[in-house]
2 protein chains.
Amino acid sequence: MEAPHDEFMREAIRLSIEKMQAGHGGPFGAVVVKDGEIIARGFNQVTSTHDPTCHAEVDAIRKACATLGTFQLTDCDLYTSCEPCPMCLGAIYWARPRRVFYGNTKQDAAAVGFDDHFIYDEIEKPLGERTIPMQELLREEARAGFRAWEEHESRKEY
Amino acid sequence: MEAPHDEFMREAIRLSIEKMQAGHGGPFGAVVVKDGEIIARGFNQVTSTHDPTCHAEVDAIRKACATLGTFQLTDCDLYTSCEPCPMCLGAIYWARPRRVFYGNTKQDAAAVGFDDHFIYDEIEKPLGERTIPMQELLREEARAGFRAWEEHESRKEY
């Protein structure tokens, strides 16, 4: 008997091929599973929707959260056709699923021209050494926002 | 005369306070500037829209790209009320703006209860040591998606 894990990953892989060939974007698919059922299917739509954040994992996470009516993927598993890029890995940590399964590695992604590995390298660099310059500005004024948050009685933490 | 930089950052800070107090989400705002004009305003909407990826920077990047009709923020600057979390930093690298200015630091964010610093630490860990388990599965089958991409004649690279 085939493990359900394989079945869910094969659906992510199927999406990675079918949606790419249909012109939606790069070759990436993902599904979110809860209680043994697929609750969301995501696929890359960067070029077709002009949204650089619409990677398969982000798309699947957003759809799964919309379905569940929550911003957390508690007790959910994510199956993605490729090891998440730093953006998607960050999205995963914010959504907090139980486990992640991936097919291709980030080295496989780099080998066909995707920047994942480059971005991982950049994140570990000090701000001043990064390719995109990043500069602190008006930190004292900006902290007013955080003070207002701490004083906001009806704040919903996440 | 006040530098325009300050003016743009103050708008990001204003959004971080006003939109949080209106109940949209956490205390974070961002603007995208092109040719000296604000072309998009973003703010955190995680809790109000049930979208864990709707951070101020992601929101601003998505809106700016929709306005420009492209998935790249060439010659644009991003002003954000807080140093980007790993998800937003990844989104920035995919959108490729010219520069980023930030107000609060990631340490400031951690001090008021946001996980940014935790996620930065996790990203640098080997897969097996991360809090959310990540496991490779069916890599050989997944590579079919990348082969299909390389063979896809009308592919649009990004």
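Just so it is clear, the model here is predicted, and its values are computed rather than measured.

Calculation rules
Residues numbered from 1 in each chain as written. Chains lettered and ligands numbered in written order. Predicted model: local features only at pLDDT ≥ 70, side-chain atom pairs only at ≥ 80, totals over all residues. Heavy atoms only, no water. Helix = DSSP H or I, 4+ residues; strand = E, 2+ residues; numbered from the N terminus. Buried < 20%, exposed > 50% of the residue type's maximum accessible area, 1.4 Å probe, protein only. Pairing = 2+ DSSP bridges. Axes fitted to C-alpha atoms, helices over the stretch in contact; angles between N-to-C directions. Contact = heavy atoms within 4.5 Å. Parallel < 35°, antiparallel > 145°, perpendicular 65-115°, else oblique. Left-handed = near helix turned anticlockwise from the far one by under 90°. Nonpolar A, V, L, I, M, F, W, Y, C, P; charged D, E, K, R; others polar. Salt bridge = Lys/Arg side-chain N within 4 Å of Asp/Glu carboxyl O.

Participant: Help me understand unusual backbone geometry in this model?
Facilitator: Although it is not a glycine, A:R96 sits at a positive phi angle of roughly 55°. Within the element layout of this structure, A:R96 appears in the loop between α4 (86–95) and β4 (99–104). Relative accessible area serves as the criterion here: at 27%, A:R96 is assigned to the partly exposed category. If you check the backbone angles, B:L138 has positive phi at about 55° while not being a glycine. On the basis of relative accessible area, B:L138 is assigned to the buried category, the value being 19%.

Participant: Just checking my understanding: could you explain the side chain of A:H152 for this structure?
Facilitator: Counting through the fold element by element, A:H152 comes out in the segment after α7 (139–151). The exposure class of A:H152 is buried, given its relative accessible area of 16%.

Participant: I tried to follow the sheet that holds strand β5 (residues 134–136) of chain A on my own but got confused; where do I start?
Facilitator: Backbone-to-backbone hydrogen bonds pair the strands of a sheet. The strands run either parallel or antiparallel. Strand order in the open sheet formed by 5 strands is β5(A)-β4(B)-β3(B)-β1(B)-β2(B), with mixed pairing between adjacent strands. Only two strands of the sheet have a single partner each, and these edge strands are β5 of chain A together with β2 (37–43) of chain B. This sheet shows a mean twist of 20° between the axes of neighbouring strands, independent of strand direction. In terms of strand pairing, β5(A) meets strand β4 (residues 99–104) of chain B through 3 bridges, oriented parallel. Residue pairing for β4(B): A:Q135 is matched across the bridge by B:F101. Each of β1 (29–34), β2 and β3 (76–82) of chain B touches helix α3 (residues 56–68) of chain B; the most contacted strand, β2(B), lies at about 140° to it.

Participant: For this particular structure, what's the right way to read the packing of α4(A) against helix α6 (residues 116–123) of chain B?
Facilitator: A pair of packed helices is characterised by two quantities: the angle between their axes and the separation of those axes. α6(B) packs onto α4(A) with a crossing angle of 125° between their chain directions and a minimal axis gap of 10 Å. The angle between α4(A) and α6(B) falls in the class oblique. Helix-helix and strand crossings are classified by hand; for α4(A) and α6(B) the assignment is right-handed. Residue-level contacts link A:P86, A:L89, A:G90, A:Y93 and A:W94 of α4(A) to B:D116, B:F118, B:I119, B:E122 and B:I123 of α6(B). A class-by-class count of the residues in the contact of α4(A) with α6(B) yields 7 nonpolar, 1 polar and 2 charged.

Participant: Would you explain the pattern of salt bridges in this entry?
Facilitator: Side chains carrying opposite charge are able to pair once their charged atoms draw close together. Within this structure, the stated rule accounts for 26 salt bridges over all chains. A salt bridge links A:E18 to A:R14, with the nearest nitrogen and oxygen atoms 2.5 Å apart. Taken as a pair, A:E18 and A:R14 lie in helix α1 (residues 4–21) at a separation of 4 residues, close to a single helical turn. For A:R14, a relative accessible area of 35% corresponds to the partly exposed category. Taking the shortest distance from any N to any O, the salt bridge between B:R96 and A:D115 comes out at 2.9 Å. Residue B:R96 is found in the loop between α4 (86–95) and β4, and its partner A:D115 is found in the loop between α5 (106–111) and α6 (116–123); the two belong to separate chains. Through salt bridges with shared partners, a single network forms among A:E11, A:R14, A:E18 and A:R41.

Interpretation in functional terms is not warranted from these geometric data alone.
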